[in-house]
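# Observations on the three-dimensional arrangement
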Amino acid sequence: MVYITGFGIISGMGCGAEETWATLQQGRPVIGKVSFLETALRHYPAVEVKKSNADLVRLASLPEDKIYSRTFLLGLIAAQQAMRMAGLNTAQGILGATTIGGMDLNERYYKRIMEEGDKALRRQLASSFECADCTEQIANHFDIRTHVTTMSTACSSSANAIMTATRMIRNGLADSVLAGGMDALSRFSINGFNSLEILSPTGCRPFDQQRNGVTIGEGAAFLVLESEKAATGKKIYGEIIGYANHSEAFHQTASSPDGAGAIMTMRHALKTANLQPEDIDYINAHGTGTQINDLSEGNAIGTVFGNKIPPVSSTKAYTGHTLAAAGAVEAVLSLLSIKEQTLLPNLGLENVMEELPFLPYSDMRCEICDKQPSQIELNHILSNSFGFGGANTTLIIKRV
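Fair warning: this is a prediction, and the values are worked out from it, not measured in the lab.

### Things to note about the domain arrangement of the protein
Considered domain by domain, the protein is made up of domain 1 (2–231) and domain 2 (241–398). Using C-alpha coordinates to define each centre, domain 1 is positioned 21 Å away from domain 2. Domain 1 puts 59 residues into the contact, and the matching count from domain 2 is 64 residues. Summing the contributions of domain 1 and of domain 2, the shared interface buries around 4900 Å²; its carbon and sulfur component is 68%. Looking only at domain 1, the three residues that lose the most surface to domain 2 are W21, F207 and R211, adding up to 19% of its buried area. Run the count over domain 1 and domain 2 and you get two salt bridges. Across the pair E350 and R205 runs a salt bridge whose closest N-O atoms are separated by 3.1 Å. Scanning the region where domain 1 abuts domain 2 turns up 24 residue pairs in polar contact (both at pLDDT 80 or more).

### A few points about the packing of aromatic side chains
Counted by the stated rule, this structure contains two aromatic pairs. For the pair F7 and Y237, a centre-to-centre distance of 5.4 Å together with 90° between the ring planes defines the contact as edge-to-face. In this pair, F7 is assigned in strand β1 (residues 2–11) and Y237 in the loop between β6 (219–227) and β7 (238–247), connecting sequence segments 230 residues apart.

Definitions and limits used
- Residues numbered from 1 in each chain as written.
- Predicted model: local features only at pLDDT ≥ 70, side-chain atom pairs only at ≥ 80, totals over all residues.
- Heavy atoms only, no water.
- Domains from an automatic or database assignment.
- Contact = heavy atoms within 4.5 Å.
- Buried area = accessible area lost by both parts, 1.4 Å probe.
- Salt bridge = Lys/Arg side-chain N within 4 Å of Asp/Glu carboxyl O.
- Polar contact = N/O pair within 3.5 Å; in protein donor to acceptor, adjacent residues only side chain to side chain.
- Phe/Tyr/Trp six-rings, centres within 6.5 Å; stacked < 30°, edge-to-face > 60°.
- Helix = DSSP H or I, 4+ residues; strand = E, 2+ residues; numbered from the N terminus.

See below:
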């Protein structure tokens, strides 16, 4: 058994579980204009953590005379929360996930280093530019010396980190692993999604007939996963009982229209968990709000669950798409849903897309501002995370 004994989160919804849940209960998105990122695409809405880098440094209790990437700061803050909740000072492994890494530092200081030849700054920041540095810094902070790994499989990265950590514990390689993901807003990511012509000009509306694209967000989330032996006597927040990853390789960025990879992933995760489709109480969908993803995922859910489809919603209308952090962020939101026995609505949904093989539950059809979370018995939550290149991952979390 692999138990969740701690978790942490920071996103545009707030810092920590209490702030996050308070925002979720308000039933409104926090999508808006960016304040801290300098970008020519400022007119596209995003979900930004409303704290400056200096604020984050103080929140993480770090020395203020050093330069840190925003990605690392977000990740460390979430990891600190998770470790405190689990009552741990260190762990036997850390699996971090990011796509941006220290890219924000590169954007801030590249010109100064290259044109002004600031060699001292170059030496200080040299290692921070690489993707793995954020995980390594967090590992150093908690004195984690073994199983230090960074996952980068696009938007399924942190879900893969959680899956891999679960497998490590199940196979006796470790008793405690810190697993999650982190990504900050950057010009690199916003420009990249803009080049694909899938940025929403209004804010994402998953599974809506008029959906018009993705909204980029930033944030981080980490879970502390422990074996049954290590978790003895501790408060348990959930159990990872199902997981799977399948790479369909249909296209560099697009999902297959019929959801072939997602179908394999969900079926395999159910098999791993020894569950039937009717055992799932809620699906936290990947639901990016793009034309292709929502159609593909909807078709896959219809194929796997048939006429036994549980409530489905995407929480990206709250958080934005936090990229590599998305799987871990949505795992934490699933844990909060289990804790509160509350179903989170699909914000922004006015007219369910006609192509879907299922109709979402009735609460998702009311006016956007009137949507409120609803009480429901939640014992098993299935959470999807799908990345570019067909890197599809599904996790199943059980109430304990």
